[in-house]
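Residue-level structure breakdown
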Amino acid sequence: MAGNPFSMMLPPAEWAPDDPRRTPVTVRRRYIDDGFTDRSLAVMVRSGVLAKPRRGAYVSGPAWSELDAGGRHSVRARAVLAQARTELVLSHVTGLLEYDAPIWGLSLDDVHVTRTDGRIGRPEAGVRQHRGAVELGDVVRRNGVPVMSPTRVALEITAMTDVEHGLVVVDDLLHRGLTTPVQLAERQQGMTCWPRTLSSDIVLRLADPRIETVGEARSYFLCFSQHLPMPEPQYEIRDANGRVIHRVDFAWPEHGVFMEFDGKVKYEKLLKQGERASDVVIKEKRREELICRLKGWRCLRIVWSDLERPVATAAMIRDALFSSAVA
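Residues numbered from 1 in each chain as written. Predicted model: local features only at pLDDT ≥ 70, side-chain atom pairs only at ≥ 80, totals over all residues. Heavy atoms only, no water.

For the protein, the name recorded in an unreviewed UniProt entry is Type IV toxin-antitoxin system AbiEi family antitoxin domain-containing protein, with Nocardioides conyzicola as its organism.

This is the structure:
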(Lines give C-alpha, C1' and ligand atoms only; values in the text may rest on other atoms or scores of the structure.)
Protein backbone atom coordinates (compact mmCIF):
# COMPACT_ATOMS: atom_id res chain seq x y z
CA MET A 1 0.00 0.00 0.00
CA ALA A 2 1.91 3.01 -1.27
CA GLY A 3 1.52 6.67 -0.40
CA ASN A 4 1.64 8.63 2.80
CA PRO A 5 -0.84 7.13 5.28
CA PHE A 6 -0.04 9.63 8.00
CA SER A 7 -1.46 12.82 6.48
CA MET A 8 -4.17 14.38 8.63
CA MET A 9 -7.66 13.59 7.39
CA LEU A 10 -10.43 16.15 7.12
CA PRO A 11 -12.96 16.03 9.98
CA PRO A 12 -15.92 13.83 9.06
CA ALA A 13 -19.14 15.43 7.97
CA GLU A 14 -21.96 15.83 10.45
CA TRP A 15 -24.77 13.32 10.48
CA ALA A 16 -26.95 13.34 7.37
CA PRO A 17 -30.28 15.20 7.66
CA ASP A 18 -32.20 11.91 7.47
CA ASP A 19 -30.02 10.12 10.03
CA PRO A 20 -32.41 8.57 12.60
CA ARG A 21 -30.23 9.97 15.38
CA ARG A 22 -31.55 13.38 14.34
CA THR A 23 -35.16 12.41 14.93
CA PRO A 24 -36.89 15.35 16.70
CA VAL A 25 -37.56 15.02 20.41
CA THR A 26 -40.94 16.32 21.64
CA VAL A 27 -41.54 16.72 25.35
CA ARG A 28 -44.80 15.66 26.97
CA ARG A 29 -45.99 19.16 27.77
CA ARG A 30 -45.90 20.07 24.06
CA TYR A 31 -48.19 17.17 23.22
CA ILE A 32 -50.51 18.06 26.09
CA ASP A 33 -50.65 21.67 24.88
CA ASP A 34 -51.64 20.35 21.45
CA GLY A 35 -54.58 18.43 22.89
CA PHE A 36 -53.14 14.95 23.36
CA THR A 37 -53.67 13.01 26.58
CA ASP A 38 -51.39 10.65 28.45
CA ARG A 39 -53.70 7.82 27.39
CA SER A 40 -53.43 8.70 23.68
CA LEU A 41 -49.65 9.01 23.99
CA ALA A 42 -49.47 5.59 25.63
CA VAL A 43 -51.52 4.10 22.77
CA MET A 44 -49.13 5.61 20.17
CA VAL A 45 -46.12 4.20 22.04
CA ARG A 46 -47.68 0.72 22.19
CA SER A 47 -48.51 0.85 18.48
CA GLY A 48 -44.97 1.92 17.55
CA VAL A 49 -45.95 5.33 16.17
CA LEU A 50 -43.96 6.95 18.98
CA ALA A 51 -41.11 5.76 21.18
CA LYS A 52 -40.23 7.00 24.63
CA PRO A 53 -36.44 7.42 25.02
CA ARG A 54 -36.90 8.68 28.58
CA ARG A 55 -39.69 9.78 30.90
CA GLY A 56 -41.64 12.71 29.46
CA ALA A 57 -39.95 12.68 26.01
CA TYR A 58 -41.13 11.16 22.72
CA VAL A 59 -39.62 10.49 19.30
CA SER A 60 -40.62 8.75 16.07
CA GLY A 61 -41.16 5.04 16.66
CA PRO A 62 -39.84 3.94 13.25
CA ALA A 63 -36.71 6.10 13.65
CA TRP A 64 -36.10 4.67 17.13
CA SER A 65 -36.37 1.11 15.82
CA GLU A 66 -33.52 1.78 13.36
CA LEU A 67 -31.05 2.81 16.05
CA ASP A 68 -28.36 0.73 17.72
CA ALA A 69 -27.36 1.20 21.37
CA GLY A 70 -25.13 4.17 20.58
CA GLY A 71 -27.79 5.84 18.48
CA ARG A 72 -30.43 5.42 21.17
CA HIS A 73 -28.03 6.91 23.70
CA SER A 74 -27.60 9.97 21.47
CA VAL A 75 -31.38 10.38 21.18
CA ARG A 76 -31.74 10.08 24.96
CA ALA A 77 -29.10 12.79 25.27
CA ARG A 78 -31.18 15.07 23.07
CA ALA A 79 -34.17 14.37 25.30
CA VAL A 80 -32.09 15.39 28.33
CA LEU A 81 -31.20 18.67 26.60
CA ALA A 82 -34.83 19.28 25.62
CA GLN A 83 -36.00 18.85 29.21
CA ALA A 84 -33.15 20.73 30.90
CA ARG A 85 -33.80 23.91 32.82
CA THR A 86 -30.21 25.08 32.58
CA GLU A 87 -27.57 25.18 29.85
CA LEU A 88 -25.94 21.79 29.33
CA VAL A 89 -23.26 20.49 26.98
CA LEU A 90 -22.91 16.87 25.86
CA SER A 91 -19.61 15.56 27.19
CA HIS A 92 -17.55 12.48 28.05
CA VAL A 93 -18.89 9.28 26.42
CA THR A 94 -22.04 11.06 25.24
CA GLY A 95 -19.98 13.72 23.51
CA LEU A 96 -17.77 11.05 21.97
CA LEU A 97 -20.73 9.57 20.09
CA GLU A 98 -21.28 12.88 18.29
CA TYR A 99 -17.95 12.30 16.52
CA ASP A 100 -18.67 8.65 15.64
CA ALA A 101 -15.63 7.65 17.67
CA PRO A 102 -15.17 4.10 19.01
CA ILE A 103 -16.83 3.38 22.34
CA TRP A 104 -15.19 0.01 22.96
CA GLY A 105 -15.80 -1.05 26.56
CA LEU A 106 -17.39 2.26 27.59
CA SER A 107 -20.72 2.24 29.41
CA LEU A 108 -23.76 3.83 27.77
CA ASP A 109 -25.93 3.52 30.87
CA ASP A 110 -25.85 7.24 31.70
CA VAL A 111 -26.07 10.36 29.55
CA HIS A 112 -23.09 12.59 30.38
CA VAL A 113 -23.57 16.36 30.33
CA THR A 114 -21.57 19.25 31.71
CA ARG A 115 -23.20 22.32 33.26
CA THR A 116 -21.79 25.60 32.03
CA ASP A 117 -22.68 27.43 35.25
CA GLY A 118 -20.37 25.29 37.39
CA ARG A 119 -23.15 24.33 39.82
CA ILE A 120 -24.03 20.88 41.10
CA GLY A 121 -27.21 19.62 39.47
CA ARG A 122 -30.03 17.65 41.07
CA PRO A 123 -29.38 13.87 40.86
CA GLU A 124 -31.39 12.34 38.03
CA ALA A 125 -31.74 8.72 36.95
CA GLY A 126 -29.79 7.94 33.81
CA VAL A 127 -27.96 11.29 33.78
CA ARG A 128 -24.53 12.24 35.07
CA GLN A 129 -23.99 15.97 35.43
CA HIS A 130 -20.38 17.18 35.47
CA ARG A 131 -19.26 20.65 36.45
CA GLY A 132 -15.68 20.92 35.25
CA ALA A 133 -14.47 24.39 34.30
CA VAL A 134 -15.38 25.19 30.69
CA GLU A 135 -12.79 27.22 28.82
CA LEU A 136 -12.98 29.18 25.59
CA GLY A 137 -13.03 26.77 22.66
CA ASP A 138 -14.25 23.79 24.68
CA VAL A 139 -17.82 23.92 23.37
CA VAL A 140 -18.79 23.52 19.73
CA ARG A 141 -22.09 22.92 17.97
CA ARG A 142 -22.35 19.64 16.12
CA ASN A 143 -25.30 17.68 14.75
CA GLY A 144 -27.54 20.45 16.05
CA VAL A 145 -26.52 20.24 19.72
CA PRO A 146 -23.84 21.75 21.99
CA VAL A 147 -21.01 19.28 22.54
CA MET A 148 -17.51 19.42 23.94
CA SER A 149 -14.74 19.73 21.35
CA PRO A 150 -12.86 16.57 20.33
CA THR A 151 -9.84 17.73 22.33
CA ARG A 152 -11.90 18.24 25.48
CA VAL A 153 -13.81 14.97 25.02
CA ALA A 154 -10.56 13.04 24.52
CA LEU A 155 -9.17 14.34 27.79
CA GLU A 156 -12.45 13.69 29.60
CA ILE A 157 -12.33 10.05 28.53
CA THR A 158 -8.74 9.63 29.72
CA ALA A 159 -9.81 10.95 33.14
CA MET A 160 -12.79 8.62 33.54
CA THR A 161 -11.38 5.28 32.38
CA ASP A 162 -8.17 3.26 32.27
CA VAL A 163 -5.21 3.72 29.94
CA GLU A 164 -6.23 1.08 27.39
CA HIS A 165 -9.75 2.45 26.88
CA GLY A 166 -8.47 6.02 26.80
CA LEU A 167 -5.82 5.14 24.23
CA VAL A 168 -8.41 3.63 21.88
CA VAL A 169 -10.34 6.91 21.89
CA VAL A 170 -7.41 9.30 21.65
CA ASP A 171 -5.73 7.34 18.85
CA ASP A 172 -8.94 7.44 16.82
CA LEU A 173 -9.46 11.19 17.24
CA LEU A 174 -5.80 11.85 16.40
CA HIS A 175 -5.84 9.58 13.36
CA ARG A 176 -8.92 11.29 11.92
CA GLY A 177 -7.44 14.74 12.48
CA LEU A 178 -10.08 15.84 14.98
CA THR A 179 -7.39 16.89 17.45
CA THR A 180 -3.60 17.04 17.57
CA PRO A 181 -0.92 16.20 20.15
CA VAL A 182 -0.25 19.94 20.56
CA GLN A 183 -3.91 20.73 21.21
CA LEU A 184 -4.18 17.90 23.73
CA ALA A 185 -1.04 18.98 25.57
CA GLU A 186 -2.11 22.62 25.70
CA ARG A 187 -5.61 21.83 26.97
CA GLN A 188 -4.24 19.33 29.48
CA GLN A 189 -2.42 22.17 31.21
CA GLY A 190 -5.81 23.41 32.43
CA MET A 191 -6.64 20.04 34.00
CA THR A 192 -4.77 20.62 37.26
CA CYS A 193 -7.85 19.92 39.40
CA TRP A 194 -9.13 16.97 37.35
CA PRO A 195 -8.93 13.41 38.75
CA ARG A 196 -6.89 10.57 37.22
CA THR A 197 -4.41 12.87 35.50
CA LEU A 198 -1.75 10.16 35.75
CA SER A 199 -3.78 8.01 33.36
CA SER A 200 -4.12 10.99 31.03
CA ASP A 201 -0.35 11.52 31.04
CA ILE A 202 0.30 7.90 30.06
CA VAL A 203 -2.34 7.94 27.32
CA LEU A 204 -0.96 11.12 25.76
CA ARG A 205 2.56 9.71 25.88
CA LEU A 206 1.49 6.52 24.09
CA ALA A 207 -1.01 8.05 21.63
CA ASP A 208 -0.01 7.95 17.97
CA PRO A 209 -2.03 9.30 15.01
CA ARG A 210 -0.68 6.50 12.81
CA ILE A 211 -2.73 3.90 14.69
CA GLU A 212 -5.94 3.37 12.75
CA THR A 213 -8.23 0.94 14.56
CA VAL A 214 -9.38 -0.26 17.97
CA GLY A 215 -7.52 -3.54 17.45
CA GLU A 216 -4.28 -1.75 16.63
CA ALA A 217 -4.58 0.57 19.63
CA ARG A 218 -5.16 -2.38 21.95
CA SER A 219 -2.25 -4.31 20.40
CA TYR A 220 0.05 -1.34 20.98
CA PHE A 221 -1.14 -1.08 24.57
CA LEU A 222 -0.50 -4.79 25.07
CA CYS A 223 3.14 -4.25 24.11
CA PHE A 224 3.39 -1.39 26.60
CA SER A 225 1.62 -3.12 29.48
CA GLN A 226 3.60 -6.34 29.03
CA HIS A 227 6.95 -4.50 28.86
CA LEU A 228 7.76 -5.52 25.31
CA PRO A 229 9.90 -3.44 22.98
CA MET A 230 7.54 -0.91 21.42
CA PRO A 231 6.94 -1.50 17.70
CA GLU A 232 6.84 1.04 14.89
CA PRO A 233 3.19 1.58 13.79
CA GLN A 234 2.25 1.53 10.11
CA TYR A 235 5.74 0.57 8.99
CA GLU A 236 6.47 1.01 5.29
CA ILE A 237 8.01 -1.92 3.44
CA ARG A 238 10.25 -0.89 0.56
CA ASP A 239 11.69 -2.89 -2.32
CA ALA A 240 15.31 -2.88 -3.47
CA ASN A 241 14.72 0.42 -5.30
CA GLY A 242 13.34 2.13 -2.20
CA ARG A 243 9.77 2.09 -3.49
CA VAL A 244 7.05 1.58 -0.85
CA ILE A 245 5.22 -1.61 -1.79
CA HIS A 246 3.34 -2.42 1.41
CA ARG A 247 2.58 -1.10 4.86
CA VAL A 248 2.27 -3.33 7.91
CA ASP A 249 0.45 -2.61 11.18
CA PHE A 250 3.56 -2.90 13.35
CA ALA A 251 7.22 -3.75 12.91
CA TRP A 252 10.35 -4.32 14.96
CA PRO A 253 12.94 -3.80 12.17
CA GLU A 254 15.86 -4.44 14.51
CA HIS A 255 14.40 -7.86 15.36
CA GLY A 256 13.21 -8.76 11.86
CA VAL A 257 9.57 -9.15 12.90
CA PHE A 258 6.33 -7.52 11.76
CA MET A 259 2.87 -7.95 13.22
CA GLU A 260 -0.60 -7.64 11.77
CA PHE A 261 -3.85 -7.36 13.68
CA ASP A 262 -6.50 -9.41 11.91
CA GLY A 263 -9.96 -8.07 12.67
CA LYS A 264 -13.25 -8.21 10.80
CA VAL A 265 -13.10 -4.48 10.03
CA LYS A 266 -9.71 -4.83 8.39
CA TYR A 267 -10.90 -7.51 5.97
CA GLU A 268 -14.11 -5.66 5.21
CA LYS A 269 -12.06 -2.56 4.35
CA LEU A 270 -9.88 -4.55 1.95
CA LEU A 271 -12.85 -6.27 0.30
CA LYS A 272 -13.42 -4.95 -3.23
CA GLN A 273 -16.59 -5.20 -5.29
CA GLY A 274 -17.16 -8.75 -6.49
CA GLU A 275 -14.62 -10.25 -4.07
CA ARG A 276 -15.27 -12.84 -1.39
CA ALA A 277 -13.72 -12.86 2.06
CA SER A 278 -11.59 -15.83 0.99
CA ASP A 279 -10.13 -13.73 -1.84
CA VAL A 280 -8.94 -11.14 0.65
CA VAL A 281 -7.41 -13.80 2.90
CA ILE A 282 -5.47 -15.24 -0.04
CA LYS A 283 -4.20 -11.78 -1.05
CA GLU A 284 -3.12 -11.08 2.53
CA LYS A 285 -1.25 -14.41 2.63
CA ARG A 286 0.57 -13.60 -0.61
CA ARG A 287 1.38 -10.14 0.71
CA GLU A 288 2.84 -11.68 3.87
CA GLU A 289 4.92 -14.14 1.85
CA LEU A 290 6.29 -11.34 -0.35
CA ILE A 291 7.37 -9.28 2.66
CA CYS A 292 8.99 -12.29 4.34
CA ARG A 293 10.83 -13.17 1.14
CA LEU A 294 11.92 -9.59 0.47
CA LYS A 295 13.00 -8.71 4.01
CA GLY A 296 13.73 -12.10 5.50
CA TRP A 297 11.42 -11.22 8.39
CA ARG A 298 8.96 -13.23 10.43
CA CYS A 299 5.24 -12.39 10.51
CA LEU A 300 3.02 -12.51 13.58
CA ARG A 301 -0.75 -12.31 13.35
CA ILE A 302 -2.99 -11.65 16.33
CA VAL A 303 -6.78 -11.55 16.63
CA TRP A 304 -9.31 -10.26 19.17
CA SER A 305 -9.06 -13.36 21.37
CA ASP A 306 -5.30 -12.85 21.69
CA LEU A 307 -5.90 -9.44 23.24
CA GLU A 308 -7.98 -11.10 25.97
CA ARG A 309 -4.98 -13.17 27.10
CA PRO A 310 -2.20 -10.58 27.11
CA VAL A 311 0.36 -12.57 29.11
CA ALA A 312 0.29 -15.54 26.72
CA THR A 313 0.24 -13.28 23.67
CA ALA A 314 3.16 -11.24 24.98
CA ALA A 315 5.12 -14.45 25.54
CA MET A 316 4.51 -15.40 21.89
CA ILE A 317 5.66 -11.98 20.68
CA ARG A 318 8.70 -11.98 22.96
CA ASP A 319 9.72 -15.41 21.70
CA ALA A 320 9.45 -14.21 18.10
CA LEU A 321 11.45 -11.04 18.76
CA PHE A 322 14.34 -12.66 20.50
CA SER A 323 14.56 -15.82 18.44
CA SER A 324 14.51 -14.12 15.02
CA ALA A 325 17.62 -12.97 13.24
CA VAL A 326 17.56 -9.84 11.14
CA ALA A 327 18.41 -10.60 7.54
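And the narrative resumes.
Turning next to the nonpolar core. Of all hydrophobic cores here, the largest spans 58 residues; its most connected members are Leu96 and Ile317. At 7 residues, the largest contribution of residues to this core is made by helix α7 (residues 163-175). In this view, Leu96 contacts Ala101, Pro102, Ile103, Leu106, Val153, Ile157, Val169 and Leu173; residues no more than four positions away in its chain are not counted. (Core = buried A, V, L, I, M, F, W, Y, C linked by side-chain atoms within 4.5 Å. Buried < 20%, exposed > 50% of the residue type's maximum accessible area, 1.4 Å probe, protein only. Helix = DSSP H or I, 4+ residues; strand = E, 2+ residues; numbered from the N terminus. Contact = heavy atoms within 4.5 Å.)

What follows is about the pattern of salt bridges. Two side chains bearing opposite charge may form a pair once their charged atoms approach each other closely. Under the defined criterion, the tally for this structure stands at 22 salt bridges. In this structure, Arg243 and Asp239 form a salt bridge, with 3.3 Å as the shortest nitrogen-oxygen distance. Classification of Arg243 by relative accessible area gives exposed; the value is 53%. For Asp239, a relative accessible area of 17% corresponds to the buried category. (Salt bridge = Lys/Arg side-chain N within 4 Å of Asp/Glu carboxyl O.)

With that settled, consider the sheet that holds strand β12 (residues 298-302). Pairing is mixed across the open sheet formed by 4 strands, whose spatial order is β9-β10-β11-β12. With partners counted over all chains shown, the strands left at the sheet margins are β9 (232-238) and β12, one partner each. The average undirected angle you get between the axes of adjacent strands in this sheet is 50°. In the sheet, strand β11 (residues 257-261) pairs with β12 via 5 bridges, with the strands oriented parallel. Bridging across to β12, Met259 finds its partner in Leu300. Packing of helix α10 (residues 214-225) onto the sheet brings it into contact with β9, β10 (244-252), β11 and β12, and relative to β10 it is tilted by some 45°. (Pairing = 2+ DSSP bridges. Axes fitted to C-alpha atoms, helices over the stretch in contact; angles between N-to-C directions.)

A few words now on the packing of aromatic side chains. In the structure shown here, the tally under the stated rule is 6 aromatic pairs. Residues Tyr31 and Tyr58 carry aromatic rings whose centres are separated by 5.7 Å and whose planes lie at 90° to one another, so their mutual orientation is edge-to-face. Linking Tyr31 in helix α1 (residues 28-33) with Tyr58 in strand β3 (residues 57-60), this pair joins segments that are 27 residues apart in sequence. For the pair shown, Tyr31 and Tyr58 are each scored as buried. Here Phe261 and Trp304 contribute two aromatic rings whose centre-to-centre distance is 4.8 Å and whose plane-to-plane angle is 80°, an arrangement assigned as edge-to-face. Highlighted residues: Phe261 in strand β11 and Trp304 in helix α13 (residues 304-307), separated in sequence by 43 residues. (Phe/Tyr/Trp six-rings, centres within 6.5 Å; stacked < 30°, edge-to-face > 60°.)

It is worth spelling out the sheet that holds strand β2 (residues 50-54) at this point. Across the sheet, which stays open at both edges, the 3 strands sit in the order β1-β3-β2 with antiparallel pairing between neighbours. Looking along the sheet, the strands with just one partner apiece sit at the ends: β1 (26-27) and β2. For β2 and β3, the ladder comprises 3 bridges, and the chain directions are antiparallel. Of the residues in β3, the one forming a bridge with Leu50 is Ser60. Helix α4 (residues 69-83) rests against β1, β2 and β3 of the sheet, and its axis sits at about 75° to β2.

Moving on to unusual backbone geometry. A positive phi angle is found at His92, which is not glycine, with a value near 50°. Mapping His92 onto the fold places it in helix α5 (residues 92-97). Accessibility expressed as a relative area gives 9% for His92, which makes it buried. Phi angles above zero are rare outside glycine, and Asn143 is one such case at about 55°. Here Asn143 is to be found in the loop between β7 (139-142) and β8 (145-148).

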